[in-house]
Amino acid sequence: MKRLLVLALAATALLAQAQTYPGSKSVNFVVPFAAGGPTDRVARDLAESMRKAMPGSNFVVENVNGAGGTIGATKVAKANPDGHTLLVWHIGMAATAGLYRKLQYKPLEDFEYLGMINDVPMTLIGKPQLPANTYRDFENYIRANSGKLNIAHAGLGSASHLCGLMWQSAVNAKDAMTTIPFSGTAPAMTALIGGQVDVMCDQTTNTTQQIEAGRVKAFAVTTKDRMSGHKLLKDYPSLNEMGLKGFNLTIWHGLYAPKGTPPAILKQLNDALKVALKDPEFVKRQEGLGAVVVNDNRVSPEGHKAFVTGEIAKLKPAIEASGKFAD
Ligand code: ASP
């Protein structure tokens, strides 16, 4: 009897929490990279649209950088599961599972999956001083200067790191460049523009405006086919088209809560996410930067989790083939 009463009280407390959620307390989007980069960008755009989808709410972005996104992910995995600390991350959720020997969270067990947000192509870019102007010249230049150049990325397991590994492996030039880790690709971009690093592969949401302004040189996109629908990026070949048969890497971003977040709060967040992803302003901003906003079953907890499970299996062999691991 006493046990039943305790259970009933606990259920009432959970219901009350869900009914008042989010209340006056802000909802933090933890971005595991520096401000100004692609993950930060999508999180800030999404925060705006989530705010509109949940009137009275306040979504705030918190940058918790370091270790390829794993520090921020660990923070969310261990956070109070009350719906006020969420993670906006990307393909790193799957890549770090294959890249790191030890992680302080289990990607498929320690999070509640809320849904996928977008899918973003990448671009292979170089500092403005690089002598190459076409992809072919770029590849030849890297080979001719093997061991002398460096490639910036956002830490082991980041999208930029993954892309650099896969590209060097696909052109049989493993270790052609020294990798230089940054806390995100926003500071890496500053170093590239300034000529302190030579090469980077990053999401179009960070590179499009810099390419357009001529601050960096672009050589190729990582989608299987050319991005023929994009006004600027359509001019660059895909790596697949340039002979790297089957090369096809796009970076999905998703939204996650700590395991144990009450189902009613998860439902509220997922409902709001679905509305936010249809916000014309969100869609316009994202599409202008080359991203594709997701509008299918992957915006559901089960659909996104099934997708990430597949991504972990798909990425593992590619990561192993590239021969790089992190502790
Ligand atoms: N684009 C970065 C990456 O390589 C992350 C970021 O700064 O958003 O994963």
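Now for a look at the structure at hand. Because the structure is a prediction, the values reported are computed rather than measured.

**Considerations on the site of the ligand**
Lining the immediate surroundings of the ligand are 13 residues, of which Thr39, His90, Ser160, Asp202 and Gln203 lie closest. Histidine 90 places a side-chain nitrogen or oxygen 2.6 Å from an oxygen atom of the ligand. One nitrogen or oxygen atom from the side chain of glutamine 203 is found 2.7 Å from a nitrogen atom belonging to the ligand. When the ligand is considered free in solution it has 270 Å² of accessible area, and contact with the protein chains removes 100% of it. Looking at the shell around the ligand, the elements with two or more residues in it are α2 (38-53), α6 (159-170) and β7 (199-203).

**Section: the packing of α6 against helix α11 (residues 301-322)**
Where α6 meets α11, the closest approach of the two axes is 9 Å, and the angle between their N-to-C directions is 65°. Read as a crossing pair, α6 and α11 show a hand that is left-handed. Mapping the contact onto sequence places Leu162, Leu165, Met166 and Ser169 in α6 and Leu315, Ala318, Ile319 and Ser322 in α11.

**Let's talk about the state of the cysteines**
Inspection of every chain in the model, using the stated rule, returns one disulfide. The disulfide partner of cysteine 163 is cysteine 201, and the gap between their sulfur atoms is 2.0 Å. Taking the torsion about the sulfur-sulfur bond, which here is approximately 60°, the covalent link between cysteine 163 and cysteine 201 counts as right-handed. Of the two residues, cysteine 163 sits in helix α6 while cysteine 201 sits in strand β7, which places them 38 residues apart along the sequence. Side by side, cysteine 163 and cysteine 201 carry an identical accessibility label, which is buried.

**Looking at the environment of alanine 318**
Of note, alanine 318 is situated in helix α11. By relative accessible area, alanine 318 is classed as partly exposed at 28%. Through-space distance from the C-alpha of alanine 318 to that of proline 121 is 18 Å; in sequence the pair is 197 residues apart.

**Considerations on the packing of aromatic side chains**
A full pass over the atoms with the stated rule returns nine aromatic pairs. Judged by centre distance (5.0 Å) and plane angle (85°), the rings of tyrosine 113 and tyrosine 256 are edge-to-face. In this pair, tyrosine 113 sits in strand β4 (residues 111-126) while tyrosine 256 sits in strand β9 (residues 250-258), placing the two residues 143 residues apart along the sequence. Per residue, the accessibility class of tyrosine 113 equals that of tyrosine 256, and both read buried. Between tryptophan 252 and phenylalanine 307 the ring centres are 5.6 Å apart and the planes differ by 80°, which places this aromatic pair in the edge-to-face class. Remark: phenylalanine 307 occurs in helix α11 and tryptophan 252 occurs in strand β9; sequence separation between them is 55 residues. On the basis of relative accessible area, tryptophan 252 is assigned to the buried category, the value being 1%. Cluster of aromatic residues (ring-pair linked, three or more members): Trp89, Tyr105, Phe111, Tyr113 and Tyr256. The ring centre of phenylalanine 307 lies 5.1 Å from the NZ or CZ of arginine 298, which sits over that ring.

**Focus: unusual backbone geometry**
A cis amide bond, omega -5°, links tyrosine 21 with the succeeding residue proline 22. Here proline 22 is to be found in the loop between α1 (2-20) and β1 (27-31). Although it is not a glycine, alanine 67 sits at a positive phi angle of roughly 50°. Its relative accessible area of 39% is what places alanine 67 among the partly exposed residues.

Reading the values: rules and limits
Residues numbered from 1 in each chain as written. Predicted model: local features only at pLDDT ≥ 70, side-chain atom pairs only at ≥ 80, totals over all residues. Heavy atoms only, no water. Near = heavy atom within 4 Å. Polar contact = N/O pair within 3.5 Å; in protein donor to acceptor, adjacent residues only side chain to side chain. Areas by Shrake-Rupley, 256 points an atom, 1.4 Å probe, with all protein chains shown as cover. Helix = DSSP H or I, 4+ residues; strand = E, 2+ residues; numbered from the N terminus. Axes fitted to C-alpha atoms, helices over the stretch in contact; angles between N-to-C directions. Left-handed = near helix turned anticlockwise from the far one by under 90°. Contact = heavy atoms within 4.5 Å. Disulfide = S-S within 2.5 Å. Buried < 20%, exposed > 50% of the residue type's maximum accessible area, 1.4 Å probe, protein only. Phe/Tyr/Trp six-rings, centres within 6.5 Å; stacked < 30°, edge-to-face > 60°. Lys NZ or Arg CZ within 6 Å of the ring centre and 35° of its normal.

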